[in-house]
Structures are given as structure tokens and as C-alpha cells.
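# Report on the structure
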Amino acid sequence: MSRSKRKWDHIQYALQTGQKRLTGFDDLKFVNQSLPGSKLDSVKLETEIGELSLSSPIFINAMTGGGGERTYRINRELAIAARETRSAIAVGSQMAALKDPDERRSYEVVREMHPHGIILANLGSEATVVQARAAIDMIQADALQIHLNVVQELTMPEGDRDFEGALARIVEIQQSVGIPVVVKEVGFGIGAEAAALLYSSGIRYVDVGGYGGTNFAEIENKRRNRLLTFFEDWGIPTAASIIETKSASQELSVIASGGIQTSLDIVKALAAGADAAAMAGYLLKTLMENGTEELIKEINLVKKELAIIMTALGVHTIGELKSVPLVIAGETYHWLEQRGIDTSTFARRQKK
């Protein structure tokens, strides 16, 4: 099967499989603030991911590219939506374009449509420094995502089977490219152990890519004869993954992703420790079913709802969200407690 055909299959299967609300965010509850002392007009949505300054915490995450004309059109419309809502955006893996120059335009269109925005390049952990530099140059990227997708590759019939040396390659790239390198999981979540390894190796940016969103094991199983169904419920739910990652080091800049669908999901992710929240499957579904104008409208509505929720919580900045009391219940509570993380510290926080 051609890489282009596989890319389009991934889009189609992602839309079919959908998202099942298994992220753990429903286990996170805010404590009502009857005297919030806040004002809606004073809320500011600006945030920072390390040295990257964003106008809001909403981030259009990596989806596609390298699948011919159809993925070109998707990336074009996503870039327009990012431009009109002043959102950061990441492209899908650019390895397709590095291997087939005809696919470059499906990525380059993102910079063409969003000339002044924050755009992230994207490659897998098998990439070399030369490939990383080429991917960055292709779209004049402000940062580079390096995705980790071991379970997807193992489920993919034609996927990689050798993951030795991945961390060393990531570190070499991080030391060579001169822009932020974000290490991103792809739907299976980053745990405290991996986060600690990344931090000790000099990585400072992590996209948790938690379980509960688009399920790439389920997608790849649709392309197999003998199914590896045991991978379909494999992973760290997004809410737990954010907290695990921050437990490894508070100095890590964290992007929350994996099944984020609503403004409340975003606020909970930020309160759990993330600096931004990236959405992919939900935005893709909105685009494919309702078009670009509706996607722009939806992103703007989510931004307005963020401000409303922040006002109810009595905070005016994204940073202040990290001090609001947050009660963790259900499976997320049990997961974190078993992992040695004291969840009561979240419930006892004092709003600054």
C-alpha cells in the first residue's frame, strides 16, 4: 500500500472510530467558588509553551499531510482556521514529503495560509538531524514535534519494529536544530518514567498524547488480518498522563492532547498542569462535516467559553488556573494513587 493511500485511510478510520470520552477528564471536578471576585472582561487567554507565546491555549494538533490532494485541502483549511483564530498549528508527519517531493505542497500550504502564525513541524523518532532540518525548513517551523507511536507502529501491518536508539536521536536533534523540540505521544500517553527520562536528557517540551481520543491501535487493526485487540485499550488516560508528566518535573512545559473535545476539558487540562491544550479529532470532524467557517466559529466559541469558566473559578490568567482546587475522583484517582501521586494536594490548593 502506498504511503499516500495509508494517510487517507487514517483520516477515514479516525472519523469512523471517533472518540469515546475515556480521557479521565470526567473524573476531575472543580470546587465551586461562590465569591470568585473575578470579571469576565479581565480574563486573558494568552499562554506560553516555554519560549513560544500563544494567543490562547487552544492548539490545532498534528493530523495529516502527505496524502495527495485530499490532505492538501484539509491542511489548507485547518491553516486558514488557525490564522483566523490566531491559533498555533502542527502538521502531520512530514516523512512522506521527505521521501516524495510531490507531497511537499500538502505541508507547505500551512505556512502559505498562516504566514505569521506559530507552526510546528512533525517527524517520528526514527528521524535524523538532516531530516529534522529539512522538515523545519519546509514550513519555516517555529518548533518541531517528534512523535512517539510505538503501539501504533506495532499494530500497523507495515509498521516499524525497531525502537532502539530513539531517545539518543531525539537528543541529537534537540541539540542541533535551534528551535524548541516537543516530544509527543500519539494516543497512548506519556508516563512519569518516560517524562523523567526526557527531562534528564534535556527535553523541556512534552505533548502527552493521552489515551481516550483517536485510537490508532483500533485504526491500524482495521487494516490487519489478525487483530491485535489487546492494544485497543492500552495507554495512560490523558488526565492522568498530564499529572504523571508534571510529577516527573514541574519544569516541563506540557501540552495536553488526546480526546480533548470541550472548553471544560481544556480548562481541566490546564488546571491539572498543562500550558496548552491541543485538539485534533474533534476539529477534523467539525471541518469535514461542517466546513471551514463553522470550524472557525467553533474555535472562537470555545475561546469564549474558556473565559466564562475561568471567571466562574475566580481566575484571570492561564497561570492562575494551576492554583484552583481540583478534586480527582473515580478511576483517575485510583490510577494516580497507585502510581504514588498524592491527589489530595490538588483538592487543597489555595487560589492565588
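Residues numbered from 1 in each chain as written. Predicted model: local features only at pLDDT ≥ 70, side-chain atom pairs only at ≥ 80, totals over all residues. Heavy atoms only, no water.

Identification of the chain as Isopentenyl-diphosphate delta-isomerase from Mesobacillus jeotgali is taken from an unreviewed UniProt entry. Taken verbatim from the UniProt record of the chain, the Sequence similarities (unreviewed entry) comment is "Belongs to the IPP isomerase type 2 family." Recorded in UniProt for the chain, the comment headed Subunit (unreviewed entry) runs: "Homooctamer. Dimer of tetramers." (UniProt positions renumbered as here; feature names shortened; annotations may be inferred.)

## Thoughts on the pairing of strand S8 (residues 181-185)
Across the five residues that make up S8, a large majority, five, are buried. Going residue by residue along S8, you find Val181, Val183 and Glu185 tucked away on one face and Val182 and Lys184 tucked away on the opposite face as well. Two elements, strand S7 (residues 143-148) and S8, share five bridges in a ladder whose sense is parallel. For glutamine 145, the partnering residue across the bridge sits in S8 and is valine 182. In this sheet, strand S9 (residues 205-207) lies alongside S8 in parallel orientation, the contact comprising three bridges. Bridge assignment links valine 183 to a residue of S9, and that residue is valine 206. (Buried < 20%, exposed > 50% of the residue type's maximum accessible area, 1.4 Å probe, protein only. Helix = DSSP H or I, 4+ residues; strand = E, 2+ residues; numbered from the N terminus. Pairing = 2+ DSSP bridges.)

## Details of the UniProt feature "binding site: Mg(2+)" (unreviewed entry) in the chain
Per the UniProt entry, the sites bearing "binding site: Mg(2+)" (unreviewed entry) are Glu153 in this numbering. Tracing the chain through its elements places glutamate 153 in helix H6 (residues 150-155). Judged by its relative accessible area of 12%, glutamate 153 is buried.

## Let's talk about the UniProt feature "binding site: FMN" (unreviewed entry) in the chain
Mapped onto the present numbering, the UniProt feature "binding site: FMN" (unreviewed entry) falls at Ala62, Met63, Thr64, Ser93, Asn122, Lys184, Thr214, Ala280 and Gly281. Mapping methionine 63 onto the fold places it in the loop between strand S4 (58-60) and helix H2 (69-85). Ignoring anything within four residues of it in the chain, the contact list for methionine 63 reads Leu78, Ala90, Val91, Gly92, Met279, Ala280, Leu283 and Leu284. Assignment of secondary structure puts serine 93 in the loop between strand S5 (88-90) and helix H3 (95-99). Overall, the relative accessible area of 16% leaves serine 93 in the buried class. In terms of polar contacts, serine 93 uses its side chain to reach the backbone amide nitrogen of methionine 95, at 3.5 Å. (Contact = heavy atoms within 4.5 Å. Polar contact = N/O pair within 3.5 Å; in protein donor to acceptor, adjacent residues only side chain to side chain.)

## Let's talk about the nonpolar core
Core analysis: the largest hydrophobic core is formed by 87 residues, its most contacted members being Ile60, Leu78, Ile139, Ile173, Ile242, Ile266 and Leu321. Element by element, the count of residues in this core is highest for helix H13 (residues 292-313), at nine residues. Apart from residues no more than four positions distant in its own chain, isoleucine 139 is found in contact with Val91, Gln94, Tyr107, Glu108, Arg111, Ile119, Leu120 and Ala121. Of all hydrophobic cores here, the second largest spans 15 residues; its members include Ala88, Ile118, Ala143 and Val182. (Core = buried A, V, L, I, M, F, W, Y, C linked by side-chain atoms within 4.5 Å.)

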